[in-house]
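Results of the structural survey
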Amino acid sequence: MTHAATNAMLKTVTLLKGNVTSADILEGKLNAMLQQDERDAFLVADMGDILHKHLRWHEALPRVAPFYAVKYNDKPPVIRTLACLGAGFDCTSKNEIDLVLQNGVIPERIIFGNPCKKASHIKHAAARGVHTMVFDCEDELEKVARIHPTARLVLRIPTTSEFEFPSQLERNFKVDLKLSMNLLSTAKNLGLNVIGLSFHSPRSSDSFEFFVQAIIEAQSIVEMAKKLEISLKLLDIGGGFHGRVNGVETFEEVALKVKEALDTNFPKGSNIHLIAEPGIYYVQSAITLAANIIAKKSESTDGKCSFMYFLNDGIYSSFHVMMYNRCTVIKPLSLKGENEVTFQSTVWGRTCDGEDCIVKNCSLPELSTGEWLIFKNMGAYSMTTCTTFNGYSPPECEFVMARKDWETLQALPEAMKTFVPLEDTGLRVPLCCDQNS
Ligand SMILES: Cc1ncc(COP(=O)(O)O)c(C=O)c1O
């Protein structure tokens, strides 16, 4: 990590004094607003949380270089913190590539991970020095052959159940070996350079079965590719590691099985370099939302009282991703003590839209207009899919880092912040992830 990278990070992140934590910042903001009528929803982002995720990643999957999926949170403090830590970046568009480059990252630390790219975006990536890109169909190969014939291509392994309902996918996952071979052979006939394979777990899961099966299948494709005289050098295991606190299985439990499968199928010396594209993993638990109750209604059915609360945030703002059903369980926390009597409650957003329901039938103590609800694990998508529907602005976010985390960041080992080229892949990764080191 260079001084320039840490200085750039500090321009966007507030470094906290003494023993102050991000939780103290949240509490301080809530207290400061007690005297005000205007109690806008806000987010607090703890960059130390991202640092600790990164350290856990390297501990659990030491050979796998992480390329953060930018779409989950593309704010400069997040990009700069991850750049400082030594992560690579998975970009899906021209704008994401530019954003990462503008935040001081070299193009060899970027993979263009979108398998269906606009022609102009391929051209742009080539001009900016981003040469490693994913494909999954013939049409894409023809486009690349025309626009960027020297690109380093990564085949996203086609699966037979790509578009099925996510919860079934892990069970049904099946690689289409024939199509994989056809695509490799088409690429060869077009004179293109396929350097690796990738796959992506369909949803951030707590289970490892998808990874293990996909790694085994990838190994057979590497062997079959040799028959076409294609020597693959890279395996990208995609995303799919959850980032919540209190997941069903911890990241470490899933990662251990993934590591075992990689060590068995792609041991050191197999000359296959390993990367991944974690997104949710890095940012989910880093951000907490505080939203204020702007209206309240009560109802009594069969002598049972229930409440409806309306917040100054909602499905069209920080919770927008819930519309696509990608979010994990949303659990609001009140600031009242745990021993309070609770009531069945439904939490609505601030728009006049019938879909704008954040949580149905949860248990909350009785609250009043002006009180706060806290939502943890809000880091993924909350800031990138937010809309201004009904004329509302997105909540502001304060990005902070505790002093002790800053000291840990500065003391990171050299091998995590020195980048080495991965032969013939167009990528550079931290020395500590290089199999030959
Ligand atoms: C190709 C690809 N890579 C990586 C990711 C990140 O996934 P996750 O956040 O589950 O790690 C996604 C998510 O949509 C993706 O489509």
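Predicted model, so just to flag it, every value in this text is computed and none were measured.

Along the backbone of the protein chain there are 14 helices and 19 strands. With the C-alpha coordinates of the protein chain rotated into their principal frame, the extents come out at 75 × 50 × 40 Å. The proportion of buried residues among the 437 residues of the protein chain is 53%. Taking contacts inside the protein chain between residues at least 6 apart in sequence as the whole, the part at least 24 apart equals 70%. For the protein chain, the accessible area works out to roughly 19500 Å², and carbon and sulfur atoms hold 50% of it. Separation of charge centres in the protein chain, based on 45 positive and 52 negative side chains, amounts to 4 Å.

Quick look at the domain arrangement of the protein chain now. If you check the domain split of the protein chain, you get domain 1 (38-46 + 290-398) and domain 2 (47-284 + 406-433). Placing the centre of domain 1 and that of domain 2 at their C-alpha centroids yields a distance of 34 Å. With twelve residues of domain 1 in contact, the opposing surface of domain 2 contributes 16 residues. Both faces combined, the contact of domain 1 with domain 2 buries some 1200 Å², and carbon together with sulfur accounts for 49% of it. Across the contact surface, domain 1 and domain 2 share six residue pairs in polar contact (both at pLDDT 80 or more). The class makeup of the residues in the side of domain 1 that touches domain 2 is five nonpolar, five polar and two charged.

Across the two faces of strand 10 (residues 273-276) the burial is the same, with His-273 and Ile-275 and Leu-274 and Ala-276 all buried. Pairing of strand 3 (residues 64-69) with strand 10, which is carried by three bridges, proceeds in the parallel orientation. By the bridge assignment for strand 10, Pro-66 is matched with Ala-276. For strand 9 (residues 234-236) and strand 10, the ladder comprises three bridges, and the chain directions are parallel. Bridge assignment links Asp-236 to a residue of strand 10, and that residue is Ile-275.

Moving on: the pattern of salt bridges. Pairs can form between side chains of opposite charge once their charged atoms are near each other. Taken as a whole, this structure holds 13 salt bridges when the rule is applied. A salt bridge links Glu-140 to Lys-117, with the nearest nitrogen and oxygen atoms 3.0 Å apart. One end of the pair, Glu-140, is in helix 7 (residues 138-147); the other, Lys-117, is in the loop between strand 5 (110-112) and helix 6 (119-128), with 23 residues separating them in the sequence. Judged by its relative accessible area of 3%, Lys-117 is buried. Among the ionic contacts, a cluster of salt bridges with common partners joins Arg-63, Lys-259 and Asp-263.

Turning our eyes to something else, we now look at helix 4 (residues 76-85). With nine of ten residues buried, helix 4 is to be regarded as a mostly interior element. Every buried residue of helix 4 is listed here: Pro-77, Val-78, Ile-79, Arg-80, Thr-81, Leu-82, Ala-83, Cys-84 and Leu-85. Just beyond helix 4, the residue with positive phi is Gly-86, at close to 105°.

Once that is clear, we can look at the environment of Ile-272. Mapped onto the secondary structure, Ile-272 falls in the loop between helix 11 (251-265) and strand 10. Taking C-alpha positions, Ile-272 is 5.1 Å from Leu-234, a pair spaced 38 residues apart along the chain.

For the structure shown, the criterion picks out 18 aromatic pairs. Measuring from ring centre to ring centre gives 6.2 Å for Tyr-68 and Tyr-282, while their planes differ by 90°; the resulting arrangement is edge-to-face. Of this pair, Tyr-68 sits in strand 3 while Tyr-282 sits in helix 12 (residues 280-283), and the two are 214 residues apart along the sequence. Pairing Tyr-316 with Phe-389 gives two aromatic rings, centres 4.3 Å apart and planes at 50°, and the pair type is tilted. With Tyr-316 in the loop between strand 12 (304-311) and strand 13 (332-334) and Phe-389 in the loop between strand 16 (372-375) and strand 17 (396-401), this pair connects stretches of sequence that are 73 residues apart.

Regions with low pLDDT should not have their predicted coordinates read in detail. The pLDDT averaged across the protein chain works out to 91; a share of 92% of its residues lies at or above 70. Contacts from residues 162-171, a stretch scored under 50 in pLDDT, to residues over four places away or in other chains number 13 contacts.

With two bridges connecting them, strand 1 (residues 14-15) and strand 17 associate as parallel partners. Counterpart to Thr-14 in the pairing with strand 17 is Val-400. Sheet analysis places strand 2 (residues 42-46) next to strand 17, joined by five bridges and oriented parallel. Its bridge partner lying in strand 17, Asp-46 is registered against Val-400.

About the cut-offs
- Residues numbered from 1 in each chain as written.
- Predicted model: local features only at pLDDT ≥ 70, side-chain atom pairs only at ≥ 80, totals over all residues.
- Heavy atoms only, no water.
- Helix = DSSP H or I, 4+ residues; strand = E, 2+ residues; numbered from the N terminus.
- Buried < 20%, exposed > 50% of the residue type's maximum accessible area, 1.4 Å probe, protein only.
- Contact = heavy atoms within 4.5 Å.
- Areas by Shrake-Rupley, 256 points an atom, 1.4 Å probe, with all protein chains shown as cover.
- Lys, Arg positive; Asp, Glu negative; His and termini not counted.
- Charge placed at Lys NZ, Arg CZ, Asp CG, Glu CD.
- Domains from an automatic or database assignment.
- Buried area = accessible area lost by both parts, 1.4 Å probe.
- Polar contact = N/O pair within 3.5 Å; in protein donor to acceptor, adjacent residues only side chain to side chain.
- Nonpolar A, V, L, I, M, F, W, Y, C, P; charged D, E, K, R; others polar.
- Pairing = 2+ DSSP bridges.
- Salt bridge = Lys/Arg side-chain N within 4 Å of Asp/Glu carboxyl O.
- Phe/Tyr/Trp six-rings, centres within 6.5 Å; stacked < 30°, edge-to-face > 60°.
- pLDDT = per-residue confidence, 0-100.

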